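# Reading the structure
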Amino acid sequence: MASEDKTPASRAEAGQLGFAIEGMSCASCVSRVEKAISTVPGIQSAAVNLATERADVAFSGPPDADSVIRAIKEAGYAVGTESVDLSIEGMSCASCVNRIETALKAVPGVADAAVILATGKASVQIVSGAVAFADLEAAVARAGYAARRVVPDEPVDHEADTRERETGKLAGALMLSAVLTVPVIALEMGTYLIPALQSFVVDRIGMQASWYLQFVFTTVILFGPGLRFFQKGLPALVRRAPDMNSLVALGTGAAWLYSVVATFLPGLLPEGTRHVYFEAAAVITTLILVGRYLEARAKGRTSEAIKRLMGLQAKTARILRDGEAVEVPLDEVKVGDLVLVRPGEKIAVDGEVTEGSSFVDESMITGEPMPVAKGAGNTVVGATINKTGSFSFRATKVGADTMLAQIIQMVERAQAAKLPIQALVDKVTAWFVPAVMGVALITFLVWFGFGPEPALTFALVAAVTVLIIACPCAMGLATPTSIMVGIGRGAEMGILFRNGEALQTLRQAEVIALDKTGTLTKGRPELTDLVTENGFERETVLALVAAVETRSEHPIGEAIVEAAKEVGLAIGTPEMFEAIPGFGVSATVGGRTVAVGADRLMARFDIDTARLADAAARLGDEGKSPLYAAIDGRLAAILAVADPIKPTTPQAIEALHRLGLKIAMITGDNRHTAEAIARRLGIDEVAAEVLPDGKVEALHRLREKGRKLAFVGDGINDAPALAEADVGIAIGTGTDVAIESADVVLMSGELTGVPNAIGLSRSTLRNIRQNLFWAFAYNTALIPVAAGVLYPAFGILLSPMLAAAAMAFSSVFVLGNALRLKKFRPPVAAGANHASTEGVQPIPATQ
């Protein structure tokens, strides 16, 4: 009990950790978990409590949370974890990322940690209740950085304000550095390039005085605007964890120190080596500040999608309080409040329309440009825009529960994710900076021992150039910036990637398996055909048949009734209603006898259907099941009710074929009907007569020969298949269960989002490969050049100033290339989602 009062931090220090256990149901579970934990080396004691679903573990040495978690999972139970987001200050390159991740993962109770350079954030998975923020903060501080916890409901502009302040500081530092660098360049390099300036410096100022002036200006630059490199780089060296700041500090510091000795203590240098490199130190600092400033601005642009989403939120809402309309701040709206919306206003929160009607622009959520009709009973989404009418709605979700808030959180999580391809980058950058310092040292020694005179000068220049040119910033930015921009562009198009891995895996898909109902089709039956016999009018037949079907509970009957209502027909009340299983229904309506059903029902009433045989054959060839209607003992019409193909489905399938993909359909329809549908739509493979619980097995068959497979569905029974597929894609208009099980969510509910998501995935991964190639090729090619390999043959030795410019350019290039994804053009444009439905054949409903 005393231990129960300890904070997570103090308990970890005392060698104790608590674990939330999920899945226990009885005393034997307790025994099993305790036994599993006790097998872990270094465990002093383990006490599992069924009532609190918690395990308190004491370690004989340093706590080893990972081993305990593994043991619990192997015993068949789960460990409760939670995610903590941190904002990290002070990161400058990919080696910083690796260092912080290592520090966080070493904290007892941390299951995993992912740090993203482009966002400056860390996502840490911790054992619930086992880790205090102070533990994480201290671990980050020991690594040489600062951490701040990101609270989900904090003001949305906090991160933007922080980034803006940092960009402002960099702009000021850059301006001062640039102004002071100009006279240094003029005093040193100008004397070689401009004869008149050389005469002025030599005759009027004097070379020694010139060096004194350069010393003053450069010292102010290095220990003013450039002090940030020394403040972070030198402590990192002391901790034996050098980073990009260490390279810059060593390079500029070496050039400055050598020049100071040459200026004030020339006797310490060998004869002929008295040169100053103040201009190199000044120009390098200025150019790196230029790169940092451009990076900061570009990083801000990579998260513009999130900022735009946040900016969509309404600031206030008009609600009814005591019978009067009152305008209140958004955060004061409560679930159940009645919200009033006027034309042109933003809808404040999610809700259900109670009165009135209008058209609402939902393009910011779904990516679809056409306004959607809303009336009583329809749902509305916060941040969408009311167009013409006025209405009121009951608030159902507010604050962090609204769809927009969930989308923002989903996009942020996905942007912060690490793709599998990032693992290679992390491995390289872990040893990159120390390796560069080793190369710089070898370069110095080789030049000093074997180089031409003045050897010390050549050695210094070559070593400094290696240090400056090898900055790993581009490597660290290559992957996360592309992910951020790509996923942000997807959000703008109504495509939500729930995790970063789906972004990489989707491009590898070879087969797209499609559920039929609600995915290929509208998901609800509609009357598609009504062919009448001579002597019968369409409206009369439809009204009588609809009257009979009002007593039927079958979806086909509901579709017929709905069709009659849509054209404004008066529907009578049926009498003497009779349902005949397997045959159809009959009733008396307004004194007339009406029978509706299969040809078997007509035969039962001795009604000849031969005259409509051609129509029945046509409907059969289209994969439809015909129904007959008889009135007063005479054949009146043949009908077909079906679940129609969505207007955009043929276009989506055509786009998927253009992308080189195979299309498969999974349906419960009989094989004849399914194959008719497949022929009409150009679907390559069919899995027919699949029971609701058989979709996972169907996916296993489609995945033969190791093909990567994406499954698209929308229903509750699609959730297992969405989870089983390599990538699960949920239609956003479907059920919450399906959406939660998916890796990608299409907010528009249109199948055209699938080729667009695949196209975006391919473009993003292509962009990442371009960035990685540039980052690695840049360092691979230029480090040897900086070291002087071209000097013996061509007399070329790279200047440290050119190295600084090239280093800054490499990072800006990577960021600029990633930002090109903002202009990604989807294979199917949003406007095309509203193509004409003329000529589009419906799909029959399964009866």
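Because the structure is a prediction, the values reported are computed rather than measured. (Residues numbered from 1 in each chain as written. Predicted model: local features only at pLDDT ≥ 70, side-chain atom pairs only at ≥ 80, totals over all residues. Heavy atoms only, no water.)

### Structural notes on the pairing of strand β26 (residues 662-666)
The criterion, for reference: Residue burial is assigned from relative accessible area. The probe radius is 1.4 Å, only protein chains are included, and a residue is buried under 20% of its type maximum, exposed over 50%, and partly exposed in between. Runs of H or I in DSSP of at least four residues are treated as helices and runs of E of at least two as strands, each being numbered from the N terminus. Strands were regarded as paired on the criterion that DSSP finds at least two bridges between them. Crossovers are marked right-handed if the path from the first strand over the helix to the second runs clockwise, as seen with the strands pointing away from the viewer.
Most of β26 sits inside the fold, with 4 of its 5 residues counted as buried. Here 5 bridges tie strand β19 (residues 511-515) to β26, and the two strands are oriented parallel to one another. Directly across from Ala513, in β26, lies its bridge partner Ala664. In this sheet, strand β27 (residues 685-687) lies alongside β26 in parallel orientation, the contact comprising 3 bridges. Residue pairing for β27: Ile666 is matched across the bridge by Ala687. Assessed by its sense of winding, the connection that carries the chain from β26 through helix α26 (residues 671-681) to β27 is right-handed.

### Brief notes about the side chain of Thr609
Rules: By definition, residues are in contact when any of their heavy atoms lie within 4.5 Å.
Considering the arrangement of structural elements, one finds Thr609 in the loop between α23 (599-604) and α24 (613-621). Looking at Thr609, the relative accessible area reads 18%, which means it is buried. Discounting chain neighbours no more than four positions away, the residues touching Thr609 are Met602, Tyr628 and Leu635.

### Observations regarding the UniProt feature "transmembrane region" (unreviewed entry) in the protein chain
Using the following cut-off: UniProt positions are given in the numbering used here, feature names are shortened, and annotations may be inferred rather than shown by experiment.
Per the UniProt record, "transmembrane region" (unreviewed entry) is annotated on residues 173-197, 209-227, 247-269, 275-294, 428-450, 456-479, 772-791 and 797-816. Its end C-alpha atoms 28 Å apart, residues 772-791 is made of 85% helix and 0% strand.

### Comments concerning the sheet that holds strand β18 (residues 495-497)
Our working rule: Between N-to-C directions, angles cover 0 to 180 degrees, with each direction set by a line fitted to C-alpha atoms, over the stretch in contact for helices.
A sheet is described by the order of its strands in space; here 7 strands give the open sequence β18-β30-β29-β28-β19-β26-β27, paired in mixed fashion. Across the chains shown, the open sheet's two edge strands, defined by having one partner strand only, are β18 and β27. Put simply, the sheet's adjacent strands are angled 20° from each other on average, direction ignored. Of the strand pairs in this sheet, strand β28 (residues 709-713) and strand β29 (residues 727-731) are connected by 4 bridges, and their pairing is parallel. Residue pairing across strands places Gly713 opposite Ala730, the latter belonging to β29. Packed on one face of the sheet, helix α27 (residues 695-702) meets β19, β26, β27 and β28 and runs near 155° to β26.

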